Amino acid sequence: MLTDQEKLLEAAHSGLKDDFLTAGIRQARTEDVSSLMAIKGKVIAHLLKYGIDQWDEVYPAEADFLQDVYEQTLHVLESAGQIVGGLCLNEVELDGYETASWQAESFLVVHRLLIDPDFQGSGYGRQLMQFAEQQTYSLGKNSIRLDCFTENPAAISFYQKLNYRICGEVTFRKGRFLLMEKVLRPHEKSPTILEEWSD
């Protein structure tokens, strides 16, 4: 019998739908925040089913998303006119990031990646991360940094499959988080990574 953690991994790695690239990504607007907060609530309930206490009423807060909109760093992914996910991409490193053994000096940081659990397995998380990598590359940065909750094995596996490597560890309010990085080689082709993601 599968454990709760194994069930979560199985769900996260279910087959991608053929139309996973049909969704569009755009810069978020203030009116999108209510949809993201609703998705956040669904994500919290989904994770708690597997005993993962990662997000709550404190974080991410509505004020975080609104600040992201104000700073023009929040992006949402829409499918058939419905917001199904989003992420923030900026230069902000949280306290503790300085302890990691980063490989690249120029970077952007992914924060608050979320996908509606109803669309899990649709490839939308990968699409958002591909977008983040392309944006980072186009701005002349050499890597993406992020943190990942150690009690969320599906998220860790997700990033590792996209070739993010562990560079350190930090403790936040909810517990231990891995500090992860993907270096985007400046001498290579812009990272559309279609070969990697067609496996």
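The structure under discussion appears in the preceding block.
Residues numbered from 1 in each chain as written. Predicted model: local features only at pLDDT ≥ 70, side-chain atom pairs only at ≥ 80, totals over all residues. Heavy atoms only, no water.

Q: Go over the overall build of the protein, please, and point to the residues and values.
A: Regarding its fold elements, the protein presents six helices and seven strands. Its helices and strands in sequence order give the protein the pattern α-β-α-α-β-β-β-α-β-α-β-β-α, from N to C terminus. In the protein, buried positions account for 50% of the 199 residues. Put simply, of all contacts in the protein between residues at least 6 apart along the chain, 72% involve residues at least 24 apart. When the accessible surface of the protein is summed, it comes to about 10,100 Å², and 49% of that surface belongs to carbon and sulfur atoms. (Helix = DSSP H or I, 4+ residues; strand = E, 2+ residues; numbered from the N terminus. Buried < 20%, exposed > 50% of the residue type's maximum accessible area, 1.4 Å probe, protein only. Contact = heavy atoms within 4.5 Å. Areas by Shrake-Rupley, 256 points an atom, 1.4 Å probe, with all protein chains shown as cover.)

Q: Quick rundown of unusual backbone geometry? Include the residues and the values.
A: The residue after Tyr59, namely Pro60, is reached through a cis peptide bond having omega -10 degrees. Secondary-structure assignment places Pro60 in the loop between α2 (33-49) and α3 (62-70). Positive phi values are uncommon outside glycine, yet Arg112 reaches one of about 55 degrees. You can see Arg112 is positioned in strand β4 (residues 107-115). Since its relative accessible area comes to 13%, Arg112 is described here as buried.

Q: Tell me about α3, residues and numbers included.
A: Among the residues making up α3, those that are buried are Phe65, Asp68 and Val69. Take α3 and look down its axis: the buried residues cluster within an arc of 100 degrees, on one side only. Along α3, the residues that are exposed and aim more than 90 degrees away from the buried face are Ala63 and Tyr70. Looking at the buried positions of α3, the neighbouring elements they touch are α2, β2 (74-79), β3 (82-90) and β4. Of the residues flanking the end of α3, it is Gln72, one or two places downstream, whose phi is positive at about 60 degrees. (Arc of directions from axis to C-beta.)

Q: Please give an account of the pairing of strand β5 (residues 143-149) that cites residues and values.
A: Taking burial as the measure, the seven residues of β5 include seven buried ones, the bulk of the element. Burial along β5 is two-sided: the face carrying Ser143, Arg145, Asp147 and Phe149 and the face carrying Ile144, Leu146 and Cys148 are both buried. Relative to β5, β4 is paired through three bridges, and the arrangement is parallel. Bridging across to β5, Val109 finds its partner in Arg145. Between the parallel elements β4 and β5, the chain passes through helix α4 (residues 124-138) in a crossover that is right-handed. Sheet analysis places β5 next to strand β7 (residues 175-183), joined by seven bridges and oriented antiparallel. Bridge assignment links Ser143 to a residue of β7, and that residue is Val183. (Pairing = 2+ DSSP bridges. Right-handed = clockwise from strand over helix to strand, strands pointing away.)

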